[in-house]
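# Structure at a glance
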Amino acid sequence: QVQLVESGGGLVQAGGSLRLSCAASGRILSVNTMGWYRQAPGEQREFVARITRGGTTNYADSVKGRFTISRDNAKNTVYLQMNSLKPEDTAVYYCNADLIRNPSYGVMTYWGTGTLVTVSS
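Residues numbered from 1 in each chain as written. Predicted model: local features only at pLDDT ≥ 70, side-chain atom pairs only at ≥ 80, totals over all residues. Heavy atoms only, no water.

### Focus on the environment of Gly9
Looking at the element boundaries, Gly9 is found in the loop between β1 (2-7) and β2 (10-13). In this structure Gly9 comes out as partly exposed when scored by relative accessible area, which is 33%. For Gly9 and Asp98, which are 89 residues apart along the polypeptide, the C-alpha to C-alpha distance reads 22 Å. Residue contacts for Gly9: discarding those within four places in its chain leaves Leu20, Thr115, Leu116 and Val117. (Helix = DSSP H or I, 4+ residues; strand = E, 2+ residues; numbered from the N terminus. Buried < 20%, exposed > 50% of the residue type's maximum accessible area, 1.4 Å probe, protein only. Contact = heavy atoms within 4.5 Å.)

Written out as structure tokens, the structure is:
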């Protein structure tokens, strides 16, 4: 079994900061790209940021310059530092990971259960 567990969500005022963490655990051979998505009430899930194992990053235009994604390969953990938060950043944030459990299975994508971020105005 593989689990992705997010933490760090909460309530923050506009302009504030939060740091999300997501740890992958279980029988894992290697973790490739890890990323963050979010889903606001009544909206579809949207891409936020991703980072490859080698450290290459991509961001949604809406968070560029405010959010920073990083990872610790030794801990199979990805982080999302969120600064200058806005009310429109309010959403459930989900992490995902493309990983290999068994070479026979190839790369599979796993998702966490989400952590709620609420930004008050």
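### Focus: the pairing of strand β8 (residues 77-82)
β8 sits mainly inside the fold: five of its six residues count as buried. Both strand β3 (residues 18-26) and β8 contribute to a ladder of six bridges, which runs antiparallel. Counterpart to Cys22 in the pairing with β8 is Val78. Bridging between strand β7 (residues 67-72) and β8 involves six bridges; their strand directions are antiparallel. Following the sheet pairing, Thr68 is matched in β8 by Gln81. Taken together, β7 and the strand that follows it, β8, pair antiparallel across an intervening segment of four residues, in which Asn76 is found at a positive phi of about 50 degrees. (Pairing = 2+ DSSP bridges.)

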